[in-house]
Amino acid sequence: MAGDVNIMVVPLVFDIEPGTPPDSLVRLLRQRLGHDGEVYLVAAPGRVNIVGEHTDYNGFPVLPFAIDREIRIAFVLSDDETIELTSIDGYGARSFQVDESRSPYTQGDWGNYIKAAVRGFLEEGVIDAGRARGFKGICAGDIPVSAGLSSSSALVVASGMAFLKANGLEMDSMACAGILARSERYAGIEGGGMDQAVSLMGKRDTALKIDFFPLRIRPVPLLDEHVFVVCNSMVQASKTASARASYNRRVVECRLAATMLRAALVKRTGVLIDADRLGDFNPEKTGFSWEELERMADEIMRGSPLPLSVIADRVGMSVDDLVEKRCTLRDGSVFIQPEEGYEVRKRFLHVASEARRVEETADALRCGDAVAVGRLMNRSHESCRDNYEISCDELETLTSIARECGAIGSRLTGAGFGGCTVNLVESSFLSSFMRNVKEKYYEDYLGIILDSEKQEKILFPCRASDGARIYRYR
Ligand code: GLA
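Residues numbered from 1 in each chain as written. Predicted model: local features only at pLDDT ≥ 70, side-chain atom pairs only at ≥ 80, totals over all residues. Heavy atoms only, no water.

Draft legend 1. Structural detail: the packing of aromatic side chains. Going through the model one piece at a time under the given rule, you end up with 10 aromatic pairs. Aromatic pair phenylalanine 14 and tyrosine 471: ring centres 5.9 Å apart, planes at 35 degrees, arrangement tilted. With a gap of 457 residues between them, phenylalanine 14 in strand E2 (residues 13-15) and tyrosine 471 in strand E15 (residues 469-473) connect regions that are remote in the sequence. Residue classification places phenylalanine 14 among the partly exposed positions, given a relative accessible area of 40%. (Phe/Tyr/Trp six-rings, centres within 6.5 Å; stacked < 30°, edge-to-face > 60°. Helix = DSSP H or I, 4+ residues; strand = E, 2+ residues; numbered from the N terminus. Buried < 20%, exposed > 50% of the residue type's maximum accessible area, 1.4 Å probe, protein only.)

Draft legend 2. Representation of the site of the ligand in the model. Neighbouring the ligand are 13 residues; Glu53, His54, Asp56, Asp195 and Tyr247 lie closest to it. In this structure, aspartate 56 approaches the ligand through a side-chain N or O atom, which is 2.5 Å from an oxygen atom. Residue tyrosine 247 places a side-chain N or O atom 2.6 Å away from an oxygen atom belonging to the ligand. Coverage of the ligand by the protein amounts to 98% of the 310 Å² it exposes when considered alone. (Near = heavy atom within 4 Å. Polar contact = N/O pair within 3.5 Å; in protein donor to acceptor, adjacent residues only side chain to side chain. Areas by Shrake-Rupley, 256 points an atom, 1.4 Å probe, with all protein chains shown as cover.)

Draft legend 3. Inspection of the pairing of strand E5 (residues 82-87) at higher detail. With 6 bridges connecting them, E5 and strand E6 (residues 92-97) associate as antiparallel partners. When the bridges of E6 are listed, isoleucine 83 appears paired with phenylalanine 96. Here E5 folds back onto E6 in antiparallel fashion, the turn holding 4 residues, of which glycine 90 has a positive phi close to 95 degrees. Of the strand pairs in this sheet, E5 and strand E7 (residues 135-141) are connected by 4 bridges, and their pairing is parallel. By the bridge assignment, glutamate 84 is partnered in E7 with lysine 136. (Pairing = 2+ DSSP bridges.)

Draft legend 4. Inspection of the sheet that holds strand E11 (residues 226-232) at higher detail. Ordered by their spatial adjacency, 4 strands build an open sheet running E12-E13-E11-E14, and the pairing between neighbours is antiparallel. Edge positions in the open sheet fall to strand E12 (409-412) and strand E14 (459-462), since each of these has one partner strand only. Mean inter-strand twist for the sheet, computed between neighbouring axes without regard to direction, equals 25 degrees. Of the pairings in the sheet, the one linking E11 to strand E13 (residues 420-426) comprises 7 bridges and is antiparallel in character. Residue pairing in the sheet places asparagine 232 in a bridge with cysteine 420 of E13. Along the sheet, helix H12 (residues 370-386) makes contact with E11, E12 and E13, crossing E12 at roughly 30 degrees. (Axes fitted to C-alpha atoms, helices over the stretch in contact; angles between N-to-C directions. Contact = heavy atoms within 4.5 Å.)

Draft legend 5. Quick look at the nonpolar core. In this structure, Ile50, Phe65, Phe121, Phe163 and Leu200 are the most contacted members of the largest nonpolar core, which totals 82 residues. The biggest single contributor to this core is helix H3 (residues 151-166), with 10 residues. In this structure, this core is formed jointly by two domains, domain 1 (2-222 + 464-473) and domain 3 (352-462), each of which donates at least three residues. Leaving out residues up to four positions away in the same chain, leucine 200 has contacts with Met8, Val10, Val157, Met161, Ser173, Cys176, Ala177, Leu180, Gly467 and Ala468. Residues Tyr57, Cys254, Ile300 and Cys384 belong to the second largest nonpolar core, which totals 50 residues. (Core = buried A, V, L, I, M, F, W, Y, C linked by side-chain atoms within 4.5 Å. Domains from an automatic or database assignment.)

Draft legend 6. Up close: the sheet that holds strand E4 (residues 63-77). Reading across from one edge, E2-E15-E3-E4-E7-E5-E6 is the order of the 7 strands in this open sheet, with mixed pairing throughout. Every other strand in the sheet has two partners, leaving E2 and E6 as the edge strands with one partner each. Neighbour to neighbour, the strand axes of the sheet diverge by 25 degrees on average, direction disregarded. Each of strand E3 (39-51) and E4 touches helix H5 (residues 194-201); the most contacted strand, E3, lies at about 125 degrees to it.

Quick look at the structure:
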């Protein structure tokens, strides 16, 4: 379709001219294996999201870009079904047979992201476990971990590409993004598809507006003379620890909110509609304005947070049915009802308003209106804090310091519960912004001194980059 990002074939393989000095990871792998034949290097980037938080799994769009930080795996093809990967960043080595990808390591183990990617291709019938081949390699990365910049999805994408390559397969990037998004859920988080799509299909100097169900990707220009700066709050937002339950809870709350809205619409129109995501409830699809949809939500979700029994009663379903259809996760486990019940109304308000902010931000970027982009980023942050409840004291302090120090817009990025903020800064203010945030947040508030090596990992401007690719060294 005109204007869309081209559907590519993945993995994209670039041949490195013989005689070119090898990349350091490739050199290290050759040394370790005593191998001077063909070696592949896959690189998959992380991302920042400008606006559109927690909209993807609801079927509303997002607006991220791939960043110039990546997970890299140097590997050789195996002639059996063993997958072996050693982290040179100190996370140890993992080795398993392709078929063992169906039994995860203990929760939180980094090897589960490799297994998830492999399992996805098996379960979706792309690769036959009986005939599959593995790979052997080492990996490294410069995406801060547990910081909301998608280091885990970059590992899933890089492992998935290596596995495709090991089996001599190519597929279209859209289908691959869908498979890897679904497969990452085997690692325990009911994520949407933003991270895998942007890591695969990122485009240099460009943001992507990504729509889901069906997946569609359109480039959106970034602003001239402005930079996006990442600041790490230093609160670990590990998707495998408590943030995982908090994330999954919101996914369940949104599913329940959608079920309630559907019941409200059926009551209002007398027509049964086929819709199960909040993204199905917009003016275009329902014929009702946002204000009317909000009024319907206010009515059916009154008293939120609500226990499942009340939700079941209001939507005319049994509690068991609701649990099976709405509270069950990809790994088959059931999300345990929180003591205070499910917060459905606030979640709906965030998602519905965030969806509109994505459209408005994309328009503002196309018009080169930095002030509007910044305002929308700030509004998004407020909604993430007040209605989605995914901020924390450190993120609040960091975003307000950033605005005081000249950011036009500042907000948490990624899943929240800690992690990084993304800040829109005029290029001419970049160095004073960095200096002031470094002093006020890191030194004065957190009491840490950032030398230049540390700063590089914690507080840095980022550049929109191309998506994942493989290099072949002969
Ligand atoms: C995580 C998930 C994404 C998305 C964001 C929040 O990064 O992996 O799918 O839901 O959180 O926007």
